[in-house]
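Residue strings, one per chain:
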Amino acid sequence: MNNILITGGAGFIGSHFVEYLKQQNHPYDKVIVLDKLTYAGNLDRIRSVLDDDFIFIHGDICNRAVLEEIFKSYQVKTVVNFAAESHVDRSIEDVFPFIQTNYIGVQILMDTFKSNWQNEGRFIQISTDEVFGSSKEINLNKNNETSLLNPMNPYAATKASAELLINSYNNTYDFPSIIIRSTNNYGGLQNEEKLIPKVIQAVLNQRDIPIYGNGEYYRDWLHVTNTCEAIYQVTLKSKIQESYNIAGTGLISNIDLIQMIICLFKEAGHDYHGQLQFVKDRPGHDYCYLVDDKKYLSEFKMKKISLNTGLKQLIDSVLNT
Ligand SMILES: NC(=O)c1ccc[n+]([C@@H]2O[C@H](COP(=O)([O-])OP(=O)(O)OC[C@H]3O[C@@H](n4cnc5c(N)ncnc54)[C@H](O)[C@@H]3O)[C@@H](O)[C@H]2O)c1
């Protein structure tokens, strides 16, 4: 049997990946989706794709007994781990759940994988560009796969810690891991606490838009479909013990991104009458994330969806529902 376990598959990116997989001529006999359904998980995101071969299990990656049961029942060969606490602001309020899921959860998942080892198995960890920390300027060298991990907020620190643990398993147990670090994602069904859906909902409902500090923070956005495509390619074709950075379509400041969304709404016939509200900054707010994806693009192809096109589609879909 060639079965794949997708953890955190009822979250934003995980659910898109489950749907993406469903549309591919993929090699898996069974696709098992495990999710704790925290505030960020929602089974409705994937309900329509579930059937005898796409199976949902409600559970926690920190629960070894649940994992053992899944690995034994389904002889899992491949794991793609999306399960995480993912919101930086929440990690500033309370670090513990982040350490629990993003670090200890990864250890428990790897140990279960290791004790049920399958030939040619692979363990894909979905990490983040935030593990490299903040660049001081927008035109500095971009971080590549060998750059130093230098996380600057508790969320990023737990993701970087998981990477270090994975590297130690590679070295100690010849563990078949692959790490994928993507930049900021956007697309449909994203939790409203994240910047783009928050701004879209504010513009749609004529609410004021809160902006941290002066809004001069730079991010490189990638459409979630491109992320799923990259994860699929790497999961199927990459050598083990590799890592890949996946960049977006170019840096944009938060304030310019917000103006762009307001403009796209206007072009679609929806004028915005609310205000931009500059609010107290996030403590330790990272100025800019810069990653280089030359390695990924030299091995695999990707036609990136432009930010303008991706946002336009998103805005059209919210205006038409
Ligand atoms: N969203 C982004 O822009 C982005 C960028 C780079 C990397 N990532 C990474 O991609 C992954 C997915 O991000 P997302 O934005 O979809 O997150 P999300 O918060 O939308 O979803 C996380 C999912 O994990 C589940 N979950 C949380 N704790 C769990 C546990 N202990 N056991 C099982 N399931 C659990 C939640 O219920 C939820 O469904 C994360 O690992 C994140 O670090 C996200």
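To keep things clear, this report deals only with the structure shown in the data block. (Residues numbered from 1 in each chain as written. Predicted model: local features only at pLDDT ≥ 70, side-chain atom pairs only at ≥ 80, totals over all residues. Heavy atoms only, no water.)

1. Quick notes on the overall build of the chain
In plain terms, the rule: Segments assigned H or I by DSSP are reported as helices when at least four residues long, segments assigned E as strands when at least two residues long, and all are numbered from the N terminus. Two things to know: the radius of gyration comes from C-alpha atoms, and the globule rule equals 2.2 Å times the number of residues to the power 0.38. The cut-offs for exposure are 20% and 50% of the maximum accessible area for each residue type, with area from a 1.4 Å probe on protein chains only; residues under the lower value are buried, those over the upper are exposed, and the others partly exposed. Here, two residues are considered to be in contact whenever any of their heavy atoms come within 4.5 Å of each other. The charge count includes Lys and Arg as positive and Asp and Glu as negative, but it does not include His or the ends of the chains. Where a charge sits is defined by one atom per residue type, namely NZ (Lys), CZ (Arg), CG (Asp) or CD (Glu).
Scanning the chain for helices and strands turns up 10 helices and 13 strands. Against the 2.2 N^0.38 benchmark of 20 Å for 321 residues, the chain shows a C-alpha radius of gyration of 19 Å, consistent with a compact globule. Along the three orthogonal principal directions, the C-alpha set of the chain runs to about 55 × 40 × 40 Å. Residues counted as buried form 53% of the 321 residues belonging to the chain. The contacts in the chain between residues at least 6 apart in sequence include a share of 83% that link residues at least 24 apart. Side-chain charges of the chain comprise 30 positive and 38 negative groups, with the mean position of each set lying 3 Å from the other.

2. Remarks on the nonpolar core
Note the cut-off: Only buried residues count toward a nonpolar core. Its members are Ala, Val, Leu, Ile, Met, Phe, Trp, Tyr and Cys residues joined through side-chain atoms within 4.5 Å.
Counting 33 residues, the largest nonpolar core has Ile6, Phe17, Leu21, Val31, Val80, Ile246 and Tyr296 as its most contacted members. Where this core is concerned, the elements lending two or more residues are strand S1 (3-7), helix H1 (12-23), strand S2 (31-35), strand S3 (54-58), strand S5 (122-128), strand S6 (177-182), helix H7 (224-237) and strand S11 (242-246). Other than its neighbours up to four places away in sequence, Val31 contacts Ile4, Ile6, Leu21, His26, Asp53, Phe54 and Ile55.

3. Things to note about the site of the ligand
This is how it is decided: Nearness of a residue to a molecule or strand requires only that one of the residue's heavy atoms be within 4 Å of it. What qualifies as a polar contact is a pair of N or O atoms within 3.5 Å, subject to a donor-acceptor requirement within protein and to the restriction that residues adjacent in sequence count only when both atoms come from side chains. What sets the accessible areas is the Shrake-Rupley method with a 1.4 Å probe; for residues, cover comes only from the shown protein chains. Amino acids are sorted into nonpolar (Ala, Val, Leu, Ile, Met, Phe, Trp, Tyr, Cys and Pro), charged (Asp, Glu, Lys and Arg) and polar (every other residue, Gly among them).
Around the ligand sit 29 residues in total, of which Ile13, Asp35, Ser86, Tyr155 and Lys159 are the nearest. The backbone of Ile13 places a nitrogen or oxygen atom 2.8 Å from an oxygen atom of the ligand. With respect to the ligand, the side chain of Tyr155 contributes an N or O atom lying 2.6 Å from an oxygen atom. The fraction of the free accessible surface of the ligand (840 Å²) that becomes covered by protein chains is 97%. Those elements giving two or more residues to the shell around the ligand turn out to be H1, S5 and helix H5 (154-173). Looking at the shell around the ligand element by element, the count peaks at 3 residues for S5. Per-class residue counts for the shell around the ligand are 11 nonpolar, 13 polar and 5 charged.

4. Quick word on the sheet that holds S6
Spelled out, the test is: In this scheme, strands are said to pair when DSSP sees at least two bridges between them. Every angle, taken between N-to-C directions, lies between 0 and 180 degrees, and every axis is a line fitted to C-alpha atoms, over only the stretch in contact when it is a helix.
Here we have 7 strands laid out as an open sheet, ordered S3-S2-S1-S4-S5-S6-S11, and parallel in their pairing. Each end of this open sheet is capped by a strand with a single partner; those strands are S3 and S11. Taken pair by pair, the neighbouring strands of this sheet meet at an average axis angle of 15°, ignoring direction. Pairing between S2 and S3: 5 bridges, direction parallel. By the bridge assignment, Leu34 is partnered in S3 with Ile57. Each of S1, strand S4 (76-81), S5, S6 and S11 touches H7; the most contacted strand, S5, lies at about 150° to it.

5. Some remarks on the packing of helix H8 (residues 254-267) against helix H10 (residues 307-319)
Describing two packed helices takes the angle between their axes plus the distance from one axis to the other. Test applied: Every angle not falling under 35 degrees, over 145, or within 65 to 115 is termed oblique; those three ranges are roughly parallel, roughly antiparallel and roughly perpendicular. Here a crossing is called left-handed whenever its near helix is offset anticlockwise from the far helix by less than a right angle, and right-handed whenever the offset is clockwise.
Packing of H8 against H10 leaves a shortest axis separation of 10 Å and a crossing angle of 50°. Considered as vectors, H8 and H10 are oriented oblique to each other. Crossing of H8 against H10: the hand is right-handed. Across the interface between the two elements, Leu257, Met260, Ile261, Leu264 and Phe265 from H8 touch Leu307, Asn308, Leu311, Lys312, Ile315, Val318 and Leu319 from H10. Classifying every residue of the contact of H8 with H10 gives 10 nonpolar, 1 polar and 1 charged.

6. So, the pairing of strand S8 (residues 209-212)
Burial of S8 is one-sided: the residues Ile209 and Ile211 facing one way are buried, the residues Pro210 and Tyr212 facing the other way are not. Alignment of S8 against strand S13 (residues 276-279), held across 4 bridges, turns out to be parallel. When the bridges of S13 are listed, Tyr212 appears paired with Val279.

7. Some words on the layout of surface pockets
Left-over empty space is what a probe sized like a water molecule reveals as it rolls over the atoms. Let me state the cut-off plainly: The way it works is a 1 Å grid over only the protein atoms, where trapped points that fit a 1.4 Å probe form a cavity and open points with protein on both sides within 12 Å along at least five of seven lines form a pocket, and then any residue with an atom within 4 Å of a point lines it. Grid points are joined across faces, edges and corners, and a volume is the space filled by probe spheres set on the points.
Volume-wise, the second largest pocket comes out at about 270 Å³. The wall of the second largest pocket is formed by 16 residues, among which Gly187, Gly188, Leu189, Leu314 and Ser317 lie closest to the centre. Counting only elements with at least two residues in the lining of the second largest pocket, the list comes to helix H6 (195-204) and H10. Considering each element in turn, the lining of the second largest pocket owes the most residues, 5 residues, to H10. Taken together, the residues of the lining of the second largest pocket break down into 6 nonpolar, 9 polar and 1 charged.

8. A closer look at the pattern of salt bridges
This is how it is decided: We count a salt bridge whenever a side-chain nitrogen from Lys or Arg sits within 4 Å of a carboxyl oxygen from Asp or Glu.
With the rule as written, the count across this model stands at 15 salt bridges. Notably, a salt bridge pairs Glu163 with Arg181, separated by 3.0 Å at the nearest N-O pair. In this pair, Glu163 sits in helix H5 while Arg181 sits in strand S6, placing the two residues 18 residues apart along the sequence.

9. A closer look at the side chain of Asn3
Mapped onto the elements, Asn3 comes out in strand S1. Side-chain polar atoms of Asn3 contact the backbone nitrogen of Lys30, separated by 2.8 Å. With sequence-adjacent residues up to four places away left out, Asn3 is seen in contact with Tyr28, Asp29, Lys30, Ile32, Tyr74, Gln75, Val76, Lys77 and Thr78.

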